[in-house]
Amino acid sequence: MTATPQQLADVLRPVKNVLLDFDGPVCSVFAGLPVPEVARRLREDLSAAGEEVPAGAEEETDPLALLRLISDARPDLTESMDAALVALETEAVRVARPTPGGESVLRAAVRSGRLVSIVSNNSGAAIETYLSEHGLSDYGAGVFGRAPGDPSSMKPNPRLLLEAMQAAGTRPDYCIFIGDAARDVEAGEAAGVPTIGYANKPGKDAKLTAAGAAVIADSMGLIAAALA
Ligand SMILES: [Mg+2]
């Protein structure tokens, strides 16, 4: 169940550093260039390079899961496939759909004197392209996308969250992570950071709660209001 404004305000009171997932809370990255198309083109790149698509990767429609699959099967192809995906993600963010209230969370956090760090399994280059195209480049204290050529850096690995906190010089008890997937909550837990589960689809609140989210919010606007 979604939190009351008071519950959100309580969770956010000690927070100095807002760690923000990108795909979901800020925008729908693949709203304009859908994931099956991105996955298809990634496989095409592989074939064009004279490589075979690894077993199990033929049907995968999630580009990040596909990158992981390819990397596991063929570590030697990780770097080139990650680079190909960065190009596709950068194309995708140009036609991404902004999340209602997502931009308001960025602005409200900064206006209230908090730092905002974007922590995402997407590529940092694509995220920076999006922020720049939406006039938001000055709102992020840092962008922490998956480490190029290293899909193991992706959440639920807490690595990117730890890097973000280290860069901002903040401690977990002064941070909150806002994410829309169970792996975000798991990464938060591993990093010692409580997570606000952004339940943007029916059924997600149960998944995020089960994963251990501190509170659930079904709208980014609600979080923005609590930050103000
Ligand atoms: Mg997400």
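All values reported here derive from a predicted model rather than from experimental measurement. (Residues numbered from 1 in each chain as written. Predicted model: local features only at pLDDT ≥ 70, side-chain atom pairs only at ≥ 80, totals over all residues. Heavy atoms only, no water.)

Caption draft 1: Region of the structure containing the domain arrangement of the protein. What the domain assignment reports for the protein is domain 1 (5-28 + 98-227) and domain 2 (35-93). Inter-centroid distance (C-alpha atoms) of domain 1 to domain 2 is 26 Å. With 17 residues of domain 1 at the interface, the matching set in domain 2 holds 12 residues. A buried area of about 1100 Å², summed over both sides, lies between domain 1 and domain 2, and 60% of it is on carbon and sulfur atoms. (Domains from an automatic or database assignment. Contact = heavy atoms within 4.5 Å. Buried area = accessible area lost by both parts, 1.4 Å probe.)

Caption draft 2: Representation of the packing of aromatic side chains within the structure. Counted under the stated rule, the structure contains one aromatic pair. Relative to Y130, the ring of F22 has its centre 5.4 Å away and its plane inclined at 80 degrees; by these criteria the two rings are edge-to-face. Of this pair, F22 sits in the loop between strand 1 (17-20) and strand 2 (27-28) while Y130 sits in helix 6 (residues 124-133), and the two are 108 residues apart along the sequence. Residue classification places F22 among the buried residues on the basis of a relative accessible area of 1%. (Phe/Tyr/Trp six-rings, centres within 6.5 Å; stacked < 30°, edge-to-face > 60°. Helix = DSSP H or I, 4+ residues; strand = E, 2+ residues; numbered from the N terminus. Buried < 20%, exposed > 50% of the residue type's maximum accessible area, 1.4 Å probe, protein only.)

Caption draft 3: Region of the structure containing the nonpolar core. Counting 52 residues, the largest nonpolar core has L20, F22, I178, I196 and I223 as the members making the most contacts within it. Looking at which element gives the most residues to this core, the answer is helix 4 (residues 78-93), with six residues. Counting contributing residues, this core receives three or more from each of domain 1 (5-28 + 98-227) and domain 2 (35-93). Apart from the residues lying within four places of it in its own chain, the contact partners of I223 are L8, L12, V105, I178, I196 and A217. Residues L19, F144, F177 and A187 belong to the second largest nonpolar core, which totals 12 residues. (Core = buried A, V, L, I, M, F, W, Y, C linked by side-chain atoms within 4.5 Å.)

Caption draft 4: Just the coordination of the magnesium ion, in detail. Coordination of the magnesium ion by the protein is provided by D21 (OD), D23 (O) and D180 (OD), with metal-donor distances spanning 2.1 to 2.2 Å. Mapped onto the sequence, the residues coordinating the magnesium ion show the spacing D-x1-D-x156-D. In this pair, D21 is assigned in the loop between strand 1 and strand 2 and D180 in the loop between strand 6 (175-179) and helix 8 (182-191), connecting sequence segments 159 residues apart. Residue D21 is classed as buried on the basis of its relative accessible area of 4%. (Donors = N, O, S within 2.8 Å, 3.2 Å for Na, K, Ca; no water.)

Caption draft 5: Here's a closer look at the packing of helix 5 (residues 102-111) against helix 10 (residues 220-227). At a closest axis distance of 8 Å, the pairing of helix 5 and helix 10 adopts a crossing angle of 15 degrees. As the angle between them shows, helix 5 and helix 10 are arranged roughly parallel. For the pair helix 5 and helix 10, the sense of crossing is left-handed. Of the residues in helix 10, those in contact with G102, S104, V105, A108 and A109 of helix 5 are M220, I223, A224 and L227. Within the contact of helix 5 with helix 10, the residues separate by chemical class into seven nonpolar, two polar and no charged. (Axes fitted to C-alpha atoms, helices over the stretch in contact; angles between N-to-C directions. Parallel < 35°, antiparallel > 145°, perpendicular 65-115°, else oblique. Left-handed = near helix turned anticlockwise from the far one by under 90°. Nonpolar A, V, L, I, M, F, W, Y, C, P; charged D, E, K, R; others polar.)

Caption draft 6: Highlighting the pairing of strand 6. Burial within strand 6 is extensive, with five of its five residues counted as buried. A two-sided burial pattern is seen for strand 6, the buried positions comprising C175, F177 and G179 on one face and I176 and I178 on the other. Here four bridges tie strand 1 to strand 6, and the two strands are oriented parallel to one another. Each residue of the ladder has a partner; that of N17, found in strand 6, is C175. (Pairing = 2+ DSSP bridges.)

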